[in-house]
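In case you want the letters, here they are:
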Amino acid sequence: MQTQRFGRSGHMSTIVIFGAFAVGMLSQEEADAVIELIMARGVNHIDVAPSYADAELRLGPWMERYRDRFFLGCKTQLRDREEAHAELHRSLERLRVDRFDLYQLHAVATMEELEACFAPGGSLEAIVEARDEGFTKHLGITSHGPHAPAVLIEALNRFDFDSLLFTLNFQMWADKAYRRDASRLMQIAEQRDIGTMVIKTWARGPWGDKEHRYHTWYEPFDDAEMVEKALRFNLSQPVTGVISAGDARLLPMILDAAERFQPMDDAEQATLLATAGEYKSIFTEF
């Protein structure tokens, strides 16, 4: 699988980053098979969070043995300094590691949440302290939803984060306002050598009244052709990598597509973008 430099961290991350929510709702035996798969396919970057059900516990036995094989990113959705500090150390224990490569403010989706993180006694103070004390090398921020690029641009105006994570797929890119803000964000990231990860690559649309057949909160693309098109589209934008989907059953198709990855040319992208109107946004306010 191809790798790309994850910004100023210098780490050469695989273009698919393992989203550990995929093992959060599995038994340890089932999770072991998934982790064996990503190791066999050469994935070298993991994204996990304490909010991902039991994902930290499932990864723990593997991190204890193979910590140096992975760039390990974790995050906190708490906004209070003391609570975020406690959660960070709880994650270290559950993952059986003594440090992270990356620790992030998680799901900062609105300007109000950004203010809470940056307020005196907010969670930003906790993660800066963790970096200063050697519990993480790098600091990042993640944002979900239609306002993610605007929120992250403002975050970068206030603090020099090492990484960004935000939502991106061809349906969202078809919206002119989102494309404008996301393009500006990626331009800033490139100028400042910031690693960039994107999520919701394989979001087809909301479940609505359909049976929820996967652990994802949205309905994902689950046919090989669309899985590959969605991956190729996102990786044809100036990002470091895509986070794999939140259900392990989709992982083999995603890894296969990544190993065959070739960028989409402009004509291919335009053809895919022309179909965006066939899908509903997973974000109701979008």
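Figured I'd write up the structure that's included with this text. Values in this document were obtained by computation on a predicted structure and should not be read as measured data.

Definitions and cut-offs
Residues numbered from 1 in each chain as written. Predicted model: local features only at pLDDT ≥ 70, side-chain atom pairs only at ≥ 80, totals over all residues. Heavy atoms only, no water. Helix = DSSP H or I, 4+ residues; strand = E, 2+ residues; numbered from the N terminus. Buried < 20%, exposed > 50% of the residue type's maximum accessible area, 1.4 Å probe, protein only. Axes fitted to C-alpha atoms, helices over the stretch in contact; angles between N-to-C directions. Parallel < 35°, antiparallel > 145°, perpendicular 65-115°, else oblique. Left-handed = near helix turned anticlockwise from the far one by under 90°. Contact = heavy atoms within 4.5 Å. Nonpolar A, V, L, I, M, F, W, Y, C, P; charged D, E, K, R; others polar.

The phi angle at Ala 53 is positive, at roughly 50°, despite the residue not being glycine. Looking at the element boundaries, Ala 53 is found in the loop between β4 (45–47) and α3 (55–66). Even without glycine at this site, Arg 96 takes up a positive phi of about 60°. When you line up the elements, Arg 96 lands in the loop between α4 (81–95) and β6 (100–105). Given the relative accessible area of 43%, Arg 96 is considered partly exposed.

Where helix α10 (residues 224–235) contacts helix α12 (residues 266–273), the axes come no closer than 11 Å and their chain directions differ by 120°. In this view, α10 runs oblique relative to α12, as classed from their interaxial angle. When the axes of α10 and α12 are compared, the crossing they make is left-handed. Here Met 226, Lys 229, Arg 232 and Phe 233 of α10 come into contact with α12, specifically with Glu 268, Gln 269, Leu 272 and Leu 273. Counted by class, the contact of α10 with α12 contains four nonpolar, one polar and three charged residues.

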